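Structural features, examined
The lines below spell out each chain.
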2 protein chains.
Amino acid sequence: MSESPSPRWLDADERETWLAVISLTIRLPAALDRQLRRDAGIGHFEYQVLAGLSEAPDRTLRISELAEFADGSLPRVSQVVSRLERRGWVRRGSDPTDGRYTLATLTDTGWDKVVATAPGHVEQARRLVIDRFDPAERARLREFADRITAASADRHDGLPSR
Amino acid sequence: MSESPSPRWLDADERETWLAVISLTIRLPAALDRQLRRDAGIGHFEYQVLAGLSEAPDRTLRISELAEFADGSLPRVSQVVSRLERRGWVRRGSDPTDGRYTLATLTDTGWDKVVATAPGHVEQARRLVIDRFDPAERARLREFADRITAASADRHDGLPSR
DNA sequence: CGTGTTCACTTCAAGATGCAACCGACGCGG
DNA sequence: CCGCGTCGGTTGCATCTTGAAGTGAACACG
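Please read all numbers here as calculations on a predicted model, not as lab measurements.

Quick look at the overall build of chain A now. Within chain A, the secondary structure is distributed over six helices and three strands. Moving toward the C terminus, one meets the helices and strands of chain A in the order α-α-β-α-α-β-β-α-α. Its C-alpha atoms give chain A a radius of gyration of 20 Å, more than 25% over the compact-globule value 15 Å for 162 residues. Along the first, second and third principal axes, the C-alpha set of chain A runs to 55 × 40 × 25 Å. Every one of the 162 residues in chain A was classed for burial, and the buried ones make up 49%. Taking all contacts inside chain A whose residues are at least 6 apart in sequence as the whole, residues at least 24 apart take part in 50%. For chain A, the accessible surface area stands at approximately 8,400 Å², while carbon and sulfur atoms represent 51% of it. In chain A, 25 side chains carry a positive charge and 26 a negative one; their mean positions are 4 Å apart.

What follows is about the protein's contact with DNA strand D. Close to DNA strand D lie 18 residues; A:Ser64, A:Ser78, A:Arg92, B:Arg76 and B:Gly99 are nearest. Each atom of DNA strand D within 4 Å of the protein belongs either to a base or to sugar and phosphate, the latter forming 78%. Contacts to DNA strand D include A:Thr102, whose side-chain N or O atom sits 3.1 Å from a sugar or linking oxygen. Between a phosphate oxygen of DNA strand D and a side-chain N or O atom of B:Arg76, the distance comes to 2.7 Å.

Between chain A and chain B, the residue contacts involve 67 residues of the former and 66 residues of the latter. Between chain A and chain B, a total of about 7,000 Å² is buried, with carbon and sulfur atoms accounting for 61% of that surface. Linking chain A with chain B are 16 salt bridges. In this structure, A:Arg8 engages B:Asp131 in a salt bridge whose closest nitrogen and oxygen atoms are separated by 2.5 Å. One can count 20 residue pairs in polar contact (both at pLDDT 80 or more) joining chain A with chain B. Contributions of two or more residues to the side of chain A that touches chain B are made by helix H1 (12-40), helix H2 (44-55), helix H5 (108-128) and helix H6 (135-153) of chain A. At 22 residues, H1(A) tops the list of elements feeding residues into the side of chain A that touches chain B. Of the residues contributing to the side of chain A that touches chain B, the split by class is 30 nonpolar, 13 polar and 24 charged.

Residues and elements named next belong to chain B. Assignment of secondary structure puts Asp-95 in the loop between strand S2 (90-94) and strand S3 (102-106). Classification of Asp-95 as buried rests on a relative accessible area of 8%. It is 9.8 Å that separates the C-alpha atoms of Asp-95 and Leu-61, two residues lying 34 residues apart in sequence. Among all residues touching Asp-95, those that are not within four sequence positions of it are Arg-62, Tyr-101 and Leu-103. Engagement of the side chain of Asp-95 in a polar contact is seen with the side chain of Arg-62, the distance being 3.1 Å.

We now examine the side chain of A:Glu14. Along the chain, the position of A:Glu14 falls in helix H1. With residues near it in sequence (within four places) discarded, A:Glu14 still touches A:Trp9, B:Arg126, B:Ile130 and B:Arg138.

Looking now at the nonpolar core. A:Trp18, A:Leu28, A:Val129, B:Leu28 and B:Val129 are the most contacted members of the largest nonpolar core, which totals 38 residues. Secondary-structure elements contributing two or more residues to this core are H1, H5 and H6 of chain A together with helix H1 (12-40), helix H5 (108-128) and helix H6 (135-153) of chain B. In this structure B:Leu28 touches A:Val21, A:Thr25, A:Ile148, A:Ser152, B:Leu128 and B:Val129, once residues within four positions along its chain are discounted.

With that settled, consider helix H4 (residues 74-86) of chain B. Residue and element names in this part refer to chain B. Between its first and last C-alpha atoms H4 spans 18 Å; for 13 residues at 1.5 Å apiece the expected length is 18 Å, and the two agree. Within H4 the residues assigned to the buried category are Val-77, Val-80, Val-81, Ser-82 and Leu-84. Buried positions along H4 lie against helix H2 (44-55), helix H3 (63-70), S2 and S3. Count one or two residues on from H4 and you reach Gly-88, which has phi positive near 85°.

The transformation that overlays chain A on chain B combines an axial shift of 0.0 Å with a rotation of 180°, and the residual RMSD is 0.1 Å. Classification of the inter-copy transformation places it as that of a two-fold axis. Minimal C-alpha separation from the rotation axis in chain A is found for A:Thr25, amounting to 2.3 Å.

A few words on the protein's contact with DNA strand C. Taken together, 17 residues lie near DNA strand C, and A:Arg76, A:Gly99, B:Ser64, B:Ser78 and B:Arg92 sit nearest. The separation between a phosphate oxygen of DNA strand C and a polar side-chain atom of A:Arg76 is 2.7 Å. Here B:Ile63 contributes a backbone N or O atom positioned 3.3 Å from a phosphate oxygen of DNA strand C. Sorting the residues of the surface near DNA strand C by element identifies helix H4 (74-86) of chain A together with H3 and H4 of chain B as the ones contributing at least two each. Counted by class, the surface near DNA strand C contains five nonpolar, five polar and seven charged residues.

What follows is about the layout of surface pockets. In this model, the largest pocket occupies a volume close to 830 Å³. Surrounding the largest pocket, 35 residues form its lining, A:Thr25, A:Pro29, B:Thr25, B:Ile26 and B:Pro29 being those nearest its centre. At the level of elements, H1, H2 and H4 of chain A together with H1 and H2 of chain B are the ones that each hand at least two residues to the lining of the largest pocket. Residue classes in the lining of the largest pocket are distributed as 15 nonpolar, nine polar and eleven charged.

Reading the values: rules and limits
Residues numbered from 1 in each chain as written. Chains lettered and ligands numbered in written order. Predicted model: local features only at pLDDT ≥ 70, side-chain atom pairs only at ≥ 80, totals over all residues. Heavy atoms only, no water. Helix = DSSP H or I, 4+ residues; strand = E, 2+ residues; numbered from the N terminus. Rg over C-alpha atoms; globule rule 2.2 N^0.38 Å. Buried < 20%, exposed > 50% of the residue type's maximum accessible area, 1.4 Å probe, protein only. Contact = heavy atoms within 4.5 Å. Areas by Shrake-Rupley, 256 points an atom, 1.4 Å probe, with all protein chains shown as cover. Lys, Arg positive; Asp, Glu negative; His and termini not counted. Charge placed at Lys NZ, Arg CZ, Asp CG, Glu CD. Near = heavy atom within 4 Å. Polar contact = N/O pair within 3.5 Å; in protein donor to acceptor, adjacent residues only side chain to side chain. Buried area = accessible area lost by both parts, 1.4 Å probe. Salt bridge = Lys/Arg side-chain N within 4 Å of Asp/Glu carboxyl O. Nonpolar A, V, L, I, M, F, W, Y, C, P; charged D, E, K, R; others polar. Core = buried A, V, L, I, M, F, W, Y, C linked by side-chain atoms within 4.5 Å. Expected span 1.5 Å × (residues − 1). Least-squares fit on C-alpha atoms with pLDDT ≥ 70 in both. 1 Å grid on protein atoms, 1.4 Å probe; cavity = no way out; pocket = protein on both sides within 12 Å on 5 of 7 lines; lining within 4 Å. Points joined across faces, edges and corners; volume = space filled by probe spheres on them.

Written out as structure tokens, the structure is:
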């Protein structure tokens, strides 16, 4: 209780950058969701789960691996897998080597769904991001994004303050 | 129905960039929400609404202006304003010059809330983003973000076919 | 005026999320 | 073996978001 109540404000320039980044984090996911929802009837998160499975050996992953891959909480992934299971795209099973794990496996129908959906999604990824940057810019973009992501992952969130 | 079924895939490099950007759009908003929720009991969206009002003349904006400012749908903003109203931070009123508009006004209590919340939020913005880039990088970051945001805003989402 | 349309907003139902409590499956110490 | 803590997942609940339908105020046209 002896700190400066008002920290360094953002100047006009910093503010613009901040707003630009915030806008990005809102509009890009929204655009991805729209395209997927419209063309494939699934959200981006569900797509990530399906895509993750489609690339895994035996098209199978543990729920927890899936959660890490798709950047989601365990309850959320569990829910999503249930939904995908209901739609016939994923099958649940428990890991023979350790009954605590649950394995999610992509069905053949699920595989078909991914194959049908991926091209449109990749096209969107290109149109919204990838194709708008030349290789040098891309490297920089990636580095910038990683920098922010790393900071955000820091469980150092609040004001533990110095 | 006579196109290439499989478009240009992403190569390893492009893929990395893509994943980095996606990660950013998931982790940064999550980190912002965590800090605000924890320190102020509100989400980032609610904060944006309050902040928008706090900077507006008379601390007042139309719901629709608020929606545009905060990047949210009209129903969502309407709901949020109701919530904020219940908490005593915002007051509703109809526009005398055109009864169709609804004006949202920040109360004094609401102003205090913003004043109390802003420093922590700005600090977070600095730690996660702003302070990690020197001025030249910041300009570039902003330009990159704008490029993607502009593309995402394009109502050109899906596969307009052809 | 009167009818119809547009506009800004609100409401409602359905679906999605996060959080916290809960549950069964290991694994280790005794 | 038994008991206990841990680990991965699941479930329940409270909240939030979304999309569609509804409301009422202004305008437009005959």
